Amino acid sequence: MSKPNTGDLMQVREVARYLGINEKKVYFLAKTGKIPCTRVTGKWTFPKKLIDRWIEGSASGLAGQPRSLEERSFLLAAGSDDPSLGILHDLYAVRTRPASFFMATVGSSAGLHAIQDGIADFATAHLREQGRGAVGKYEERDLIPTDAVVVELFYRELGLLLPRGNPKGIKSVRDLARPKLSFINRQPGSGTRIYLDRELARARLNPRKILGYETEVSTHLEVGLRVLKGEADVGLATRTTAQLLGLDFLSLTRERFDIVVPKERFFTQSIQTLLGIVGSSEFRDRVGALGGYDVAESGRIIPLTSHD
């Protein structure tokens, strides 16, 4: 059997193998306009780049109805962003050729919705917890399916990213409301945005008084780049982002970053391969080398507890 074409255009058989579905399903999706394709000399062709975007778009709810979570040749994740996820992607790709790993950075809330709706294979999330031992009083604990499996990736530090030398003299969240101080925000539904809004409420600060509160980006790296380029005076992101870009960092909290797997996906080969990577010394060594992470218990299963 020939290998799937990984060039610019794919045929029906290649798309079927790439998505892990039968050819009749591909024809149905093409004829109903639910998948990117074109018809040339009577044959359906599928631009691979558009197929990849379609897969990622599904995790954001952009490509119509959820797909069946049958065993397939790609792994689809949705949820929170972290610079280390590139390492997870690379290690998975090495172990599962020609399988692919797609990640949609849509925020913790949207990621949990994606697994609830049967769109994604797993979600990445960092939502507030009480104590180290269990999944406790998450702000959005109800979004986690009761039979889901929560696996720890690592602990990380979250705080304010500042230009080198902290020229504005920022010392706390309260300083964000200072006149002429520009802020770069994360998108609604991200764990970072949820944390920020809670801290603003605790400090009794009106978000409308923060210059730049309405300016949003979807990743930690984008926050850091805005500060690095002088387009914002401050943003909220991880210590690792600050270290990678040579920015100053004011630590605010230490949080756990998890992956959440629906029970029906947990024992699939792709998820078991992924979890094997998360618990490996290679993953811990590479993530730990970035700095700003505690990977001592990467791969442990977190018990779901009552949130009353």
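Residues numbered from 1 in each chain as written. Predicted model: local features only at pLDDT ≥ 70, side-chain atom pairs only at ≥ 80, totals over all residues. Heavy atoms only, no water.

> Explain the packing of aromatic side chains to me, please; I cannot follow it from the model alone.
On inspection of all chains with the given rule, the structure shows five aromatic pairs. With centroids separated by 5.9 Å and ring planes inclined at 50 degrees, the aromatic side chains of Phe101 and Phe122 adopt a geometry described as tilted. Note that Phe101 is positioned in strand β5 (residues 100-105) and Phe122 in strand β6 (residues 122-125), a separation of 21 residues in sequence. Residue classification places Phe101 among the buried positions, given a relative accessible area of 7%. (Phe/Tyr/Trp six-rings, centres within 6.5 Å; stacked < 30°, edge-to-face > 60°. Helix = DSSP H or I, 4+ residues; strand = E, 2+ residues; numbered from the N terminus. Buried < 20%, exposed > 50% of the residue type's maximum accessible area, 1.4 Å probe, protein only.)

> Would you explain the nonpolar core in this entry?
Core analysis: the biggest nonpolar cluster contains 33 residues, and Leu19, Ile35, Phe46, Ile55 and Val260 have the highest contact counts within it. Sorting the residues of this core by element identifies α1 (12-19), α2 (23-31), β3 (43-47), α3 (48-59), β4 (74-79), β5 and α5 (108-116) as the ones contributing at least two each. With five residues, the top contributor of residues to this core is α1. Leu88, Phe154, Ile259 and Ile277 belong to the second largest nonpolar core, which has 26 residues in total. (Core = buried A, V, L, I, M, F, W, Y, C linked by side-chain atoms within 4.5 Å.)

> Is there a simple way to explain a nonpolar patch on the surface in this structure?
Residues Leu221, Leu225 and Leu228 make up a contiguous nonpolar surface patch of about 240 Å² in total accessible area. Relative to the helices and strands, Leu228 is located in helix α7 (residues 220-228). (Patch = residues over 30% accessible without salt bridge, like charges linked within 9 Å, V, L, I, M, F, W, Y side chains within 5 Å. Areas by Shrake-Rupley, 256 points an atom, 1.4 Å probe, with all protein chains shown as cover. Salt bridge = Lys/Arg side-chain N within 4 Å of Asp/Glu carboxyl O.)

> Whenever I open this one, the packing of helix α4 (residues 85-95) against helix α11 (residues 281-290) confuses me. Can you help?
Between two packed helices, both the angle of their axes relative to each other and the distance between the axes serve to describe the pair. Put simply, α4 and α11 touch, their axes get as near as 10 Å, and they point 150 degrees apart. By the angle class used here, α4 and α11 are roughly antiparallel. The interaxial crossing formed by α4 with α11 has right-handed handedness. Here α4 contributes Ile87, Leu88, Asp90, Leu91 and Arg95 to the contact with α11, which in turn contributes Glu282, Phe283, Arg286, Val287 and Leu290. Classifying every residue of the contact of α4 with α11 by side-chain character gives six nonpolar, no polar and four charged. (Axes fitted to C-alpha atoms, helices over the stretch in contact; angles between N-to-C directions. Parallel < 35°, antiparallel > 145°, perpendicular 65-115°, else oblique. Left-handed = near helix turned anticlockwise from the far one by under 90°. Contact = heavy atoms within 4.5 Å. Nonpolar A, V, L, I, M, F, W, Y, C, P; charged D, E, K, R; others polar.)

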